[in-house]
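Here are the chains, one letter per residue:
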Amino acid sequence: MGKKKGSTKMVLKLPKTKCCESRKKCDRCPLRMLKEGTLPDGYTVKKRRLVRVDGRTFTKKDLTRAA
């Protein structure tokens with residue numbers, strides 16, 4: 001969870017739906033977020049892709065509601 005400079009409002013970082021597989025992982029990488037524990041509840045990573053734990057499909061709108 002990042003914080004904007006000079007602001008008291010928290011900015012949520014949503015994970016990407018697919019890992020870019022770069023050596024230096026970005027802040028929104030689902031693998032990094034899973035390791036740090038900042039992935040939204042009900043989501044996990046399988047084969048470098050963000051998936052729901054129950055196996056259902058999701059949209060980015062669903063992801064923003066979960067975060």
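Because the structure is a prediction, the values reported are computed rather than measured.

Engineer: How should I be thinking about the packing of aromatic side chains in this particular structure?
Structural biologist: Remark: the centre distance and the inter-plane angle together describe each pair of aromatic rings, the angle taken between the planes. Here the structure, examined in full by the defined rule, presents one aromatic pair. Ring centres of tyrosine 43 and phenylalanine 58 lie 5.1 Å apart, and the angle between their planes is 85°; this geometry places the pair in the edge-to-face category. In this pair, tyrosine 43 is assigned in strand E3 (residues 43-46) and phenylalanine 58 in the loop between strand E4 (49-52) and helix H2 (60-66), connecting sequence segments 15 residues apart. Under the relative-accessibility criterion, tyrosine 43 is labelled buried at 8%.

Engineer: Please clarify how the side chain of arginine 52 should be interpreted in this entry.
Structural biologist: For arginine 52, the position within the fold is in strand E4. A polar contact of 2.9 Å, which involves the side chain of arginine 52, links it to the side chain of aspartate 54.

Engineer: Can you walk me through the pairing of E3 in this structure?
Structural biologist: Moving residue by residue along a regular strand, the side chains alternate between the two faces of the sheet. A one-sided burial pattern is seen for E3, the buried positions being Tyr43 and Val45 and the unburied ones Thr44 and Lys46. Two strands pair when backbone bridges link them, and E3 and E4 are joined in this way by four bridges, in the antiparallel orientation. Within E4, the residue paired with lysine 46 across the bridge is arginine 49. Remark: two residues form the turn of the hairpin made by E3 and E4, two consecutive strands paired antiparallel; lysine 47 in that turn has positive phi of roughly 55°.

Engineer: Sorry, what's going on with the nonpolar core here?
Structural biologist: Grouped burial of nonpolar side chains is what soluble globular proteins tend to show. Among the nonpolar cores identified, the biggest contains six residues, and these are Met33, Leu39, Tyr43, Val45, Leu50 and Leu63. When neighbours within four sequence positions are excluded, methionine 33 is seen to be in contact with Lys13, Leu14, Pro15, Asp27, Arg28, Thr38 and Leu39.

What counts, and where the lines are drawn
Residues numbered from 1 in each chain as written. Predicted model: local features only at pLDDT ≥ 70, side-chain atom pairs only at ≥ 80, totals over all residues. Heavy atoms only, no water. Phe/Tyr/Trp six-rings, centres within 6.5 Å; stacked < 30°, edge-to-face > 60°. Helix = DSSP H or I, 4+ residues; strand = E, 2+ residues; numbered from the N terminus. Buried < 20%, exposed > 50% of the residue type's maximum accessible area, 1.4 Å probe, protein only. Polar contact = N/O pair within 3.5 Å; in protein donor to acceptor, adjacent residues only side chain to side chain. Pairing = 2+ DSSP bridges. Core = buried A, V, L, I, M, F, W, Y, C linked by side-chain atoms within 4.5 Å. Contact = heavy atoms within 4.5 Å.

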